[in-house]
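Each chain is listed here by its residues.
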Amino acid sequence: MAEQMNSIPWSRKYQPKSLKDVVGQSEAVEALVKFVRDFDARRSKKKAALVYGPVGCGKTSSVYAVAAELGLEILETNASDFRNAEGIMSVAGNASRQMSLFRRGKIILIDELDGLSGQQDRGGVGAVQDVIESSAFPVVMTANDPYSKKFSQLRKASVMVEFKQLTAANIKEMLAKIAAAEGIKVEDDALSVLANRSAGDLRGSVVDLQLLCSGTTKLTKETVDELSERNRVEEMESALLRVFKTTDVAVAADAFEKVEEQPEDCFAWIDENLPNEYRKPGELAAAYEALSKADVFRGRIMSRQHWRLLSYFIQVMSIGTAIAKEKKYDTVADYRRPDRGLKFFIAKARHQRKLDIAEKIASRLHSPRAAVLADTLPFMRIIFSKEKDKGKVEKMATELGLDEDEVEWLTRQ
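Residues numbered from 1 in each chain as written. Predicted model: local features only at pLDDT ≥ 70, side-chain atom pairs only at ≥ 80, totals over all residues. Heavy atoms only, no water.

Chemist: Outline the packing of aromatic side chains, listing residues and values.
Modeler: Under the defined criterion, the tally for this structure stands at 5 aromatic pairs. Aromatic side chains Phe297 and Tyr312 sit 5.7 Å apart centroid to centroid with 15° between the ring planes, which places their arrangement in the stacked category. Of this pair, Phe297 sits in helix α15 (residues 281-304) while Tyr312 sits in helix α16 (residues 310-322), and the two are 15 residues apart along the sequence. Positioned above the aromatic ring of Phe267 is the side chain of Arg298, whose terminal nitrogen or guanidinium carbon lies 4.5 Å from the ring centre. (Phe/Tyr/Trp six-rings, centres within 6.5 Å; stacked < 30°, edge-to-face > 60°. Helix = DSSP H or I, 4+ residues; strand = E, 2+ residues; numbered from the N terminus. Lys NZ or Arg CZ within 6 Å of the ring centre and 35° of its normal.)

Okay, here's the thing in structure tokens:
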């Protein structure tokens, strides 16, 4: 029976079927219902709704609940599944203008709008605008961050509906309902711990609940604490040993499972220590090739919020590095903490100092900062570094409003 219960992901099984099932988003849902009910293809000034909010707060599931409540069909397309205007139009274009076979109305749902990014998706945002303009039905888009510059025209055409981050109380309430429906006896403290850990992600909390209740009908706080205990921090050096000192795929795959640091930090550790571990050029090149492919997944996760790609990022990073070598090296491990973050911080601070100096000079000379950066500042550095008369240097610095540190920066070659 327990096996049958767990065959369906609870996050899908307990997705809201009606508006009363949506927790913690009453104002947002009310605004969404109003938009859909009042939609008129000819008269509505705003022909789309842009639903936005953090991951796991119920945006997409609420759209489905609204459709069920109003007796409408959903035509869903995920923006990230299309690479250009033709891709979006082929799915959403015609269907957005045609009534369904049963003469029911529709909601055109364009999910994960953040998936449209940069030059790679040139034309995609324009295609979404075309769908909005030509659609005979209300268009609802979802996004985590709708305030990107590329979405400026979509914002103008849309009713903005904000979904708030769910509170721990909201999440605990939903977890309790699911546990009751599944016949799981739970301690109140156990649900509190799960809810407080969630950071507002209801979907993630439901997944955790199903994992903890797999094969049992009881959930205690001790069980939750034991899970935390099993996931205690494993020293990064131990994890690196499992990557660098093995060619076994299974060992490498689990290398970072118990490490508390973020995956991008694990990536930095590998990147920092790889040249000291691998000595053969071919193996070093193969390992860096694996890291570069992992970095592609990381870029897609960050730009499009496709967190389902996280496992690919971790696996390509760890397994790819491990199998890049023919056999493990016998050298003694002496791994060091990556300093790339510090280097970035220093470089950023230096660049900011340059911008601040250029801003001061630009205000005194009544010139654009860009012109000062390109033309004036290089000459200023030459003048300040070559001038032997300290009195003249101090006078120029006073006229330009520069302090001692900024003068020192200008005098350094």
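Chemist: Give a detailed account of the packing of helix α8 (residues 168-181) against helix α9 (residues 188-197), specifying residues and quantitative values.
Modeler: Following both chains from N to C, one finds α8 and α9 inclined at 130°, their axes separated by 8 Å at the closest point. Accordingly, the angle class assigned to the pair α8 and α9 is oblique. Note on packing geometry: the crossing formed by α8 with α9 is right-handed. Of the residues in α9, those in contact with Ala168, Ile171, Lys172, Leu175 and Ala176 of α8 are Asp188, Leu191, Ser192, Leu194, Ala195 and Asn196. Taken together, the residues that form the contact of α8 with α9 break down as 7 nonpolar, 2 polar and 2 charged. (Axes fitted to C-alpha atoms, helices over the stretch in contact; angles between N-to-C directions. Parallel < 35°, antiparallel > 145°, perpendicular 65-115°, else oblique. Left-handed = near helix turned anticlockwise from the far one by under 90°. Contact = heavy atoms within 4.5 Å. Nonpolar A, V, L, I, M, F, W, Y, C, P; charged D, E, K, R; others polar.)

Chemist: Quick one: what's the story with the pattern of salt bridges, residue by residue and with numbers?
Modeler: As a working rule, side chains carrying opposite charge can pair if their charged atoms are close by. Summed over the entire model, instances satisfying the criterion amount to 10 salt bridges. Residue Lys360 pairs with Glu406 through a salt bridge whose shortest N-O separation is 2.9 Å. Residue Lys360 is located in helix α17 (residues 340-365), and its partner Glu406 is located in helix α20 (residues 404-411); the two are separated by 46 residues in the primary sequence. (Salt bridge = Lys/Arg side-chain N within 4 Å of Asp/Glu carboxyl O.)

Chemist: Lay out the nonpolar core with the relevant residues and their values.
Modeler: If you look at the biggest cluster of nonpolar residues, it comprises 25 residues, and the most contacted ones within it are Met236, Leu240, Phe244, Phe256 and Met317. For Met317, the contacting residues outside a window of four places in its chain are Phe256, Pro263, Cys266, Phe267, Ile270, Leu291 and Ala294. (Core = buried A, V, L, I, M, F, W, Y, C linked by side-chain atoms within 4.5 Å. Buried < 20%, exposed > 50% of the residue type's maximum accessible area, 1.4 Å probe, protein only.)

Chemist: Which residues make up the pairing of strand β4 (residues 139-143), and what values go with them?
Modeler: Sheet faces and side chains relate simply in a regular strand, where the side chains alternate between the two faces. With 5 of 5 residues buried, β4 is to be regarded as a mostly interior element. Here β4 shows a buried face lined by Val139, Met141 and Ala143 and a second buried face lined by Val140 and Thr142. Bridging between strand β1 (residues 48-52) and β4 involves 5 bridges; their strand directions are parallel. Its bridge partner being in β4, Leu50 is matched across the sheet by Met141. Of the pairings in the sheet, the one linking strand β3 (residues 106-111) to β4 comprises 3 bridges and is parallel in character. Bridge pairing in β4 links Leu109 to Val140. (Pairing = 2+ DSSP bridges.)

Chemist: Break down the pairing of β1 for me, citing the residues and quoting the values.
Modeler: β1 sits mainly inside the fold: 5 of its 5 residues count as buried. Covered by surrounding structure in β1 are Ala48, Leu50 and Tyr52 together with Ala49 and Val51, the residues of both alternating faces.

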